Structure formats: C-alpha cells, structure tokens
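Here are the chains, one letter per residue:
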Amino acid sequence: MKGLNKRNLIYKSLNAFTAPFKSYNAGRLRVLAYHTVVNTEIFESQLQFLRKNYNIIDLAYLESHLFNGKELPENAILLTFDDGDYSVLEFGMPLLKKYGIPSVLFIITDLIETNKSFWWNRAYTFYKNSRFSDEQIGKKISELKDLPNNMRIEELDKMPEVFTRQLTVRDLKELESSGMVICNHTHTHPILNKCSKGDVKLEVSRAMDMLESWGFQHNQIFAYPNGNFNSRAEKILKHKGISTAFLFDHKINVENINPMRISRIRVDSDTEIDEFQVKVSGLHPFLFNKFLK
Ligand SMILES: [Zn+2]
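No experiment lies behind these values; they were computed from the predicted model shown. (Residues numbered from 1 in each chain as written. Predicted model: local features only at pLDDT ≥ 70, side-chain atom pairs only at ≥ 80, totals over all residues. Heavy atoms only, no water.)

Asks: Could you give me a rundown of the overall build of the protein chain, with the residues and numbers involved?
Replies: For the protein chain, the count of helices and strands is 13 helices and eight strands. Put simply, of all contacts in the protein chain between residues at least 6 apart along the chain, 72% involve residues at least 24 apart. With an accessible surface of roughly 14400 Å², the protein chain has 50% of that area assigned to carbon and sulfur atoms. Measuring between centres, the 39 positive side-chain charges of the protein chain sit 5 Å from its 35 negative side-chain charges. (Helix = DSSP H or I, 4+ residues; strand = E, 2+ residues; numbered from the N terminus. Contact = heavy atoms within 4.5 Å. Areas by Shrake-Rupley, 256 points an atom, 1.4 Å probe, with all protein chains shown as cover. Lys, Arg positive; Asp, Glu negative; His and termini not counted. Charge placed at Lys NZ, Arg CZ, Asp CG, Glu CD.)

Now the structure itself:
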C-alpha cells in the first residue's frame, strides 16, 4: 500500500505539467492500448475524463485522416483493446456504450469459439504451480517471447493446457453493434520478429480469412502481437494487404503518421486517474522514452 501511495504522489506532482504538455501536443493523435477491463470504477472515471478533455474519434475517422487527408480534431484520441479478453465484453462494453465511445478490438482468431487460453496464461499457470515468484514468471515469459517461434511452441506444448472463456462470433457481433470495430491481431499471437517468413504469412492471412468468413470488414487493420515490429514482417503485412498497423511503443504519434506504424500509449483499466492523465497527455510517454527505457 505504501508503494502505491508513493506512486500516486509522483503522478499527482507530475500532473502539474500535463496541461502545457497536452496543449503543446494538441495536434498529435493519441491512441490508447488497453487489454482487459478489470476495474469498472476506475475505467468509468477514465472514460468520463476522456469525454471531457479529449476528442474521441473512431477508426473510420482515422482512416479518412490517413488516406484522404481529413483533418483530425484537436486532442484527437482513439481507444483500442488487444487480444479479445472476455472482460472487454463483460465489463468494458456496458461502459463504452453508456458514454457512446467507439473503439477497436484486435482479436486472436484461433481462440474465438474455443476455451483455449492465451499462451502466456498457460505459461503463467505452469510456472505459478511450479512455485516461481511473479518476478521470476515475468522473466520466464520474456524468455519465451525471445525464443524462435517453433521453440516457443515446443516449450508451451510441454505445459499442461489451461482453459479460459473466450469470445464467440456472436459476442463479436454484439461488440460490433455496440461501436467496436473487430480487427486483426494474427491467428495465434506469435512474436512476429521470431517467426519464419512462412509463419508470418500464415498468421496474417489465416486471421484475415477467418475475420472475413465471419463477416467482419476490417481484416486489413492490424496490431502487432506484443508490439514486436520489424521491417521484414511489415513487408509481408503490406504484401498480404494490411493497410494499417498499430504498434505498442508507448508514444504519441508524430504529426505525419505512417499508417503502418501507428504509435499507441499503454494504459490499463485500473490505472489511477492521476497516472492516467499523465500518460494520456503524452508526458509520461515522453519521459519514459527519453529517460526510463
Ligand atoms: Zn496482444
């Protein structure tokens, strides 16, 4: 609890500088990258804050900006969610709907209509049961992410399966009708810079095909799994017809956005509002990338 208060205090003091930083960067797009929605109370206060202080745009607006030069409003912001965690439907959607906030959901197509777990959850459970500390587990999962793709899969195959409630196509349709655009986050969420060329091609095109077969129109909008970008993967994505790709680099965007390299700021549904304000303004991303990385 003591650590948490200290953290809050730091962000409270940093908050004095967010207003000038925000207005200096008013012309630059912010894209937020969420994963789960675990704290509805804080998440709701974040949405209220965004509604009041930013101009929330939808994906169609961003696309018109990128490809037809439509001007962005001041302090434009887009909300995105990665992986398709069930909590986004259960806890996120009712609040997004309440405030009329559009967003983008990047799904892992192999998991839809199954009870398979995210691969990192399988690893987490295995190491937890092997009595590793959370810190050690974090390290172990980072090591898995660093392995060549086939070796990562071999390691995971040795671990017992775990099960997770995943979204169905029907759930996705419900999310879509509530203002969420369903997009591409590969078929199985591998780390693309650890994949062979063939694997990258397969991962992207399988996800595109499945999204299309379920009737989702935006299979060409993509987010890099774990944010791992490289130019070789980018070339393959372009060749496969991906038009727009999002990173996970904790940055606000430059004025002239490259549609294949859209920066995103990392936030969570339980990010306390002072910290959230500092992050969304771009101040935390600026400091983080300059001094803390
Ligand atoms: Zn992801």
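Asks: So, helix 9 (residues 169-177): which residues are in play, and what are the values?
Replies: Looking at helix 9, one finds that the buried residues are Val169, Asp171, Leu172 and Leu175. The buried residues of helix 9 occupy one face: seen down the axis, they fall within an arc of 155°. The outward face of helix 9, more than 90 degrees from its buried face, is lined by the exposed residues Arg170 and Ser177. Those residues of helix 9 that are buried lie in contact with helix 5 (86-98), strand 4 (103-107) and strand 5 (180-184). In the segment just after helix 9, Gly179 is the residue with positive phi, at about 105°. (Buried < 20%, exposed > 50% of the residue type's maximum accessible area, 1.4 Å probe, protein only. Arc of directions from axis to C-beta.)

Asks: Please provide a residue-by-residue account of the packing of aromatic side chains, values included.
Replies: Inspection of every chain in the model, using the stated rule, returns twelve aromatic pairs. Here Tyr127 and Phe132 contribute two aromatic rings whose centre-to-centre distance is 5.3 Å and whose plane-to-plane angle is 75°, an arrangement assigned as edge-to-face. Given a relative accessible area of 8%, Tyr127 falls into the buried group. Ring centres of Phe222 and Tyr224 lie 5.4 Å apart, and the angle between their planes is 85°; this geometry places the pair in the edge-to-face category. What links up through ring pairs into an aromatic cluster is the set Tyr34, Phe43 and Phe81. (Phe/Tyr/Trp six-rings, centres within 6.5 Å; stacked < 30°, edge-to-face > 60°.)

Asks: Talk me through the nonpolar core; I want residue IDs and the actual numbers.
Replies: The biggest cluster of nonpolar side chains holds 37 residues, and the ones touching the most others in it are Leu32, Leu50, Leu79, Phe81, Leu105, Leu172 and Leu175. Elements that contribute at least two residues to this core include exactly strand 1 (30-34), helix 3 (40-53), strand 3 (76-83), helix 5, strand 4, helix 9, strand 5 and helix 12 (273-281). Counting residues per element, this core draws most heavily on helix 5, at six residues. (Core = buried A, V, L, I, M, F, W, Y, C linked by side-chain atoms within 4.5 Å.)

Asks: Please set out the domain arrangement of the protein chain residue by residue, giving values where relevant.
Replies: By the assigned domains, the protein chain splits into domain 1 (27-114 + 168-292) and domain 2 (117-163). Inter-centroid distance (C-alpha atoms) of domain 1 to domain 2 is 25 Å. Domain 1 puts 13 residues into the contact, and the matching count from domain 2 is ten residues. Interface area for domain 1 against domain 2, summed over the two sides, is near 900 Å², with a carbon-plus-sulfur share of 57%. Joining domain 1 to domain 2, the criterion identifies zero salt bridges. (Domains from an automatic or database assignment. Buried area = accessible area lost by both parts, 1.4 Å probe. Salt bridge = Lys/Arg side-chain N within 4 Å of Asp/Glu carboxyl O.)

Asks: Tell me about the pattern of salt bridges, and please be specific about residues and values.
Replies: One pass over the full model with this rule turns up nine salt bridges. Residues Lys116 and Asp110 are paired through a salt bridge, measuring 3.0 Å at the closest nitrogen-oxygen approach. In this structure Lys116 comes out as partly exposed when scored by relative accessible area, which is 32%. Across the salt bridge formed by Lys279 and Glu275, the nearest N and O atoms sit 2.8 Å from each other. In this pair, Lys279 and Glu275 are both assigned in helix 12, four residues apart and thus about one turn of the helix distant. Classification of Glu275 as buried rests on a relative accessible area of 6%.

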